[in-house]
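Listed here are the chains, written in short residue letters.
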Amino acid sequence: MIKNHIKIAWRNLLKNSTYSLINIIGLTMGLAACLAVTTVVIDESSYDRFWTKKDQIFRVNTINTRDGELLEKGDYALSGTNTALKDFPEVEAITSIQQFDTYFSFRNIQGEGTKTKVIQTTPSFLEMFDVEITSGSPKNLVEGTPNIVISESLVKRFFNGSNPVGETIKDLPSYSNEPNEYLITGIFKDIPENTHLKGQVIYLHKPRTEVLNKKQFGFFQTYYVSLKNDVDKTTFEAKYNNWYSNYTEVKHPDNFELQPLQDIYLRSDFAGNQIYKGSAQKLYILGAIAILLLVIACINYINLTTARASHKMQETGVRKVLGADRLQLISQYLAESGLFFLISGILAFVIYQLSLPGIVSYIDHPLALTFSNSALLFLGAILSIFALSVLTGLYPALLISRINPLASLRKKFRSSGTGQTQFVRKGLVVFQFSISLVVLIAMIVVNQQVTLLKSKDIGFDTSNLLSIKYSTWQNKGESFKNELLKSPFVQNASISSWIPSGGGGSMNRRIESPDKTGDEVEIWYMFADTDLAETLGLEIEKGRFLSDDFGGDALPQSFYIEMDSVKKAELEKRPSLITAQAARLLKVDQLNVANKDLEATPVGIVSNFNNENLRTSAKPVVIQADKNPDRGSLLMRIKPGSETKVRAKINELWQEFYPYKLLEINNVSGLLQKQYEAETKLLQFFSFFSALSLFLAALGVFGLIVQVTEQRVKEIGIRKVLGASVQSIVMLFSKDFLKTIAVALIIAIPIGWYAMQEWLQDYAHRIEIKWWVFGLAASVVIGIAMLTVGIQSAKKAIINPAKSLKTE
Amino acid sequence: MIKITDLEKFYRTDEVQTIAINKLSFEVKEGEFVSVMGPSGCGKSTLLNILGLLDDPDGGSYIFNGIEVAGFNERKRANLRKHNIGFVFQSFNLIDELSVFENVELPLIYTGVKPAERKERVHEVLEKMQIMHRRKHFPQQLSGGQQQRVAVARAVVNNPKLILADEPTGNLDSSNGNEVMDLLTELNAAGTTIIMVTHSEHDAKYSHRIIRMLDGQKVTENILAEYQH
């Protein structure tokens, strides 16, 4: 019986090639996209689930609340928390973890370095996180040189298979002038990719043993604690918090939260120190989209199959007359849907496999789990596709098998379906188009917003600005800069603690607003040499720029050493530039008057500029100068079109000044654009999803119109005999689809508007959603649908009626 | 074998009720070959559908093989149908996607006959209908006469007690039509009861008895001379 079902399904598939092709393309695209998106969802949710002690390890987060309101939450705790925690019997082990990138010179070649992910931690990390050591005994720290353990893949890459344990390597420093040395004390088996603790090198040091400051003051560190097996996390949290509130002498003691290891990757929006993090919210969106894509594809299958019910009616009637019961008929139609899903599933897997490199490049990190490298996932996908084929095939199967044999033999089955099936079919098309419309609206809005973010005038010219990454200049910064300025292509340069894209400034301060008591104004400070404002290209609105020509504009480095109350009092005399916004908010009317709150004496007011990215609004800024600053980035304004020449010049000078140091030159506009990577990725994603959903919806409409026009070929003939024009016949079919799309528009526009309004709330600088966005989305969808319907119905309408009437 | 008494069937629309069968009564004995004739719309096909258990009467009694079947639900009717009744249609109603062999095999699949036996029985009946050489062909590749022979083969493969033929020669030329009528006669001679709806006086002459209908009622009933006892 099953063989018979499959055989018939296969013949049906070949016989109705257009219908089959539409179904296969639709299902293949839907399944492939769903597999791709699901891969990302599965990979992201698999983070940190492989550690043996995954249920016992927690990160210690600090929560600062005032009157029940959350003020601050951070992925850190005061230094000394480790010492305090160690005394609790519930605690098994504790370690501090810091992650960063270092350029190591594994081959010990001067000036050469490989960017390497480093985990800086204590030896207990190796026990807590069951990192497998394959060579050496790194737990026993060797005094003298910093100890590092390196991954097997690094050994393979740089040491030709020989064992480097005991060898010393250097780094390419970005701060110090001379390279640092490290002793390789062990090798570890590569940590799987799906962890937020990514490390190719583990830098081990002794734990700091300072005592927790009772005044809630000091450095912060990120601590991970493992609790003993039977300890309840909530109870322990309460116990520790209770102990701490008694221990500390402050009025508002911090609270500590133990964040489960498995939650860290996805639920750490607050975590400023954490480099590798995902977003649970993004994952829900992705998951929802994966499901929607599949639903759209399945709707096509259901619609096309039910629309074909009339083709099937005679066959079904005959089968019933010959003794087929409903179950036999249902199983036959399920076999048909099974075959479609099988073919589409195979094709989808091929497409999926081919698109994996694209997915990896999109998410920007390797995938630990895919449907092709995990047998379990593969099996899960096969079973899901099978289940889906049954679910999707069931409605058409139930519908067709329900046909009364008598009516079907008399061909009395209504070609367009019964009222109920028509309603279901139209409802599904409305659903499909609503999704397409919402996504299209989202894409247009995101596109506008990204364009705004990337092109808005932020108060200075972002092009032709280069920067050298933050570094120490070893008292040679000024000379380096002066050498660079000798190049005819470098117009201006400044060593600055802040460069565009580098946050709000070097420090900020809240000053009471002169307008309203109790209100505070947040002011950002930037420290640089005297040339920052001019290098940025800010305009002076009042007063003057800072300049070395005025002796007191730049504070010497020595000023900061042994800062006493006298020196502190002098700070308010410090000549400073303030932005027009700062002047307005702080009511600075007169220049050259010391401002105690600001700890500055404004000598010039410069034009406003956006110190942070455009998600937040521009803040008032104070620019102050240091003499020969020894730390900072070097910002350069260059002549248009001279970037290559300037880069070459910098490289040449760098070799001369800092032969052992890492050099990283960036294009500032590139850095600024990079701030909107998340939005750009979102745009790419919506563009892809929008195109796909529109394609699938159009495919569905195409399939439906093919069926409808075939079924109504006689009607078309009669209408033509009676004098109908081709246009009127095209209109006849288009009208029905237009109504369906109109309903979709009514549903989609408010949803799209609301969703995008919510999304835009995250941006201080945001576009206004104009009516034409909806008009454009509607035009695109109507255009695609009408084009599909128009072409197909016109094709049927130009057939000679003598021929079409004969076919019945 | 068949006894109907005061059989009624109505078709209703929102406003109008049409009587298709009006208090019709007759009997068909086992081994009989009965033709039902009458103008279009007289209720012949409705009658055939009720007799073939495809449709349910609205009133009266229908005794099939000694069992009252009026009021049977679809499942019961289907079960009775697949084991006892074969159908031959004017438009053949072969399934285009299936070969001759597979079309004929279908009723055996639905009655749960094992594959080996199915093959044997299909071959047997195809031989009998002289279309064995066409068993791998699809319906579209056959002439009308051949298609109807396949349809007859499919109707008899389950050895039904009753064959219901609805204008079996309606789509055939006279020579092919005669061939089909000869086939039906042969089957009847072998013991199968046949009820045939036809417009053709020529075809009706192959039967033992002709029931003529008008407006859902029996008008006359003639026993053909050679079958009068």
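Residues numbered from 1 in each chain as written. Chains lettered and ligands numbered in written order. Predicted model: local features only at pLDDT ≥ 70, side-chain atom pairs only at ≥ 80, totals over all residues. Heavy atoms only, no water.

The line we're drawing: UniProt positions are given in the numbering used here, feature names are shortened, and annotations may be inferred rather than shown by experiment.
Looking at an unreviewed UniProt entry, chain B carries the name ABC transporter ATP-binding protein, with the source organism given as Zunongwangia atlantica 22II14-10F7. Of the comments in the UniProt record for chain B, the one headed Sequence similarities (unreviewed entry) reads "Belongs to the ABC transporter superfamily. Macrolide exporter (TC 3.A.1.122) family."

The name that an unreviewed UniProt entry assigns to chain A is Transporter permease, with the source organism given as Zunongwangia atlantica 22II14-10F7. Comment text from UniProt for chain A, heading Subcellular location (unreviewed entry), reads "Cell membrane".

## What to know about the UniProt feature "domain: ABC3 transporter permease C-terminal" (unreviewed entry) in chain A
Residues and elements named next belong to chain A. To keep it simple, the criterion reads: The way it works is that DSSP assigns letters per residue, a run of H or I at least four long becomes a helix, a run of E at least two long becomes a strand, and they are numbered from the N terminus.
UniProt tags residues 288-405 and 688-795 as "domain: ABC3 transporter permease C-terminal" (unreviewed entry). As annotated, residues 288-405 comprises 84% helix and 0% strand, and the C-alpha atoms at either end are separated by 41 Å. In residues 688-795, the share of helix is 86% and the share of strand is 0%. The end C-alpha atoms are 31 Å apart.

## Things to note about the side chain of A:R319
Put simply, the rule reads: Remark: exposure states derive from per-residue accessible area (1.4 Å probe, protein chains only) relative to the maximum for the residue type, with buried under 20%, exposed over 50%, and partly exposed in between. Contact between two residues is taken to exist if any of their heavy atoms lie within 4.5 Å; hydrogens are not considered.
Mapping A:R319 onto the fold places it in helix α9 (residues 309-321). On the accessibility criterion, A:R319 (1% relative accessible area) is buried. What A:R319 contacts, discounting residues up to four positions off in sequence, is A:I8, A:A324, A:L329, A:Q332, B:I95, B:L98, B:L106 and B:Y110.

## Here's the deal with the sheet that holds strand β10 (residues 217-223) of chain B
Residue and element names in this part refer to chain B. Rules: By the convention used here, strands pair only if DSSP detects at least 2 bridges between them. Helix axes are fitted to C-alpha atoms over the stretch in contact, other axes to C-alpha atoms as well, and angles between N-to-C directions run from 0 to 180 degrees.
Within the open sheet, the six strands sit side by side as β6-β7-β8-β3-β9-β10. Their pairing is mixed. Of all the strands in the sheet, just β6 (85-88) and β10 have a single pairing partner and so form its edges. Sheet twist, expressed as the mean angle between neighbouring strand axes with direction ignored, is 20 degrees. Pairing analysis gives six bridges linking strand β9 (residues 209-214) to β10, with the strands arranged antiparallel. Along β10, the bridge assignment pairs L214 with Q217. Along the sheet, helix α1 (residues 44-51) contacts β3 (33-37), β6, β7 (162-166), β8 (193-197) and β9; its crossing angle with β7, the most-contacted strand, is approximately 155 degrees.

## Some details on the interface of chain A and chain B
Keep this limit in mind: Using a 1.4 Å probe, buried area is obtained as the accessible area two parts lose upon being combined, added over both of them. A carboxyl oxygen of Asp or Glu within 4 Å of a side-chain nitrogen of Lys or Arg is what we treat as a salt bridge. Here a polar contact means two N or O atoms within 3.5 Å. Within protein one must be a hydrogen donor candidate and the other an acceptor candidate, and residues neighboring in sequence count only if both atoms are side-chain atoms.
The interface of chain A with chain B comprises 22 residues on the first partner and 22 residues on the second. Summed over both partners, the interface of chain A with chain B buries about 2100 Å², with 56% contributed by carbon and sulfur atoms. Looking at the side of chain A facing chain B, the largest losses of area belong to A:R11, A:V321 and A:L322, adding up to 28% of the total buried there. Here chain A is connected to chain B by two salt bridges. Note that B:E102 is salt-bridged to A:R11, the shortest N-O span being 2.4 Å. Here chain A and chain B share five residue pairs in polar contact (both at pLDDT 80 or more) between them. Looking at the side of chain A that touches chain B, the elements that each hand over two or more residues are α1 (2-15), α9 and α12 (405-409) of chain A.

## Some details on the side chain of A:T122
Summarising the element assignment, A:T122 is placed in the loop between β5 (114-121) and α4 (124-128). A:T122 has contacts with A:I94, A:T95, A:S96, A:L204, A:H205, A:K206 and A:P207, leaving out every residue within four places of it along the chain.

## Concerning the confidence of the model for chain B
Stated precisely, the cut-off is as follows: Confidence of the prediction at every residue is given by pLDDT, a number between 0 and 100.
Looking at chain B as a whole, the pLDDT averages 88, with 98% of positions reaching at least 70. Per the prediction output, this complex has pTM 0.78; the corresponding ipTM is 0.73.

## Focus: the packing of helix α21 (residues 713-721) of chain A against helix α22 (residues 726-760) of chain A
Residues and elements named next belong to chain A. The cut-off we apply is this: Roughly parallel here means an angle under 35 degrees, roughly antiparallel means over 145, roughly perpendicular means 65 to 115, and every remaining angle is called oblique. Whether a crossing is left-handed or right-handed is set by the direction in which the near helix is turned from the far one by less than a right angle, anticlockwise for left-handed and clockwise for right-handed.
Look at α21 against α22: their axes get within 10 Å of each other, and the N-to-C directions meet at 140 degrees. Our classification of the angle between α21 and α22 gives oblique. Along this stretch, α21 crosses α22, giving a crossing that reads as right-handed. Two secondary-structure elements touch here, α21 through E715, I716, R719 and K720 and α22 through I729, L732 and F733.

## Some words on unusual backbone geometry
Residues and elements named next belong to chain A. Although it is not a glycine, Q474 adopts a positive phi angle of roughly 50 degrees. Residue position: Q474 is located in the loop between β14 (465-472) and α14 (477-485). Overall, the relative accessible area of 24% leaves Q474 in the partly exposed class. The backbone of N628 shows a phi angle near 40 degrees, a positive value even though the residue is not glycine. Here N628 shows up in the loop between β22 (621-626) and β23 (631-638).

## Notes on the domain arrangement of chain A
Residues and elements named next belong to chain A. Which entries qualify depends on this criterion: Where each domain begins and ends follows an automated or database-derived domain assignment.
With domains assigned, chain A is organised as domain 1 (1-47 + 278-417), domain 2 (76-230), domain 3 (438-456 + 674-807) and domain 4 (465-639). Computed over C-alpha atoms, the centres of domain 2 and domain 4 are 37 Å apart. Contacts between the two partners involve four residues from domain 2, matched on the other side by five residues from domain 4. Both sides of the domain 2 and domain 4 interface together cover about 390 Å² of buried area, and 40% of this is carbon and sulfur. Looking at the side of domain 2 facing domain 4, the largest losses of area belong to S174, Y175 and N177, adding up to 97% of the total buried there.

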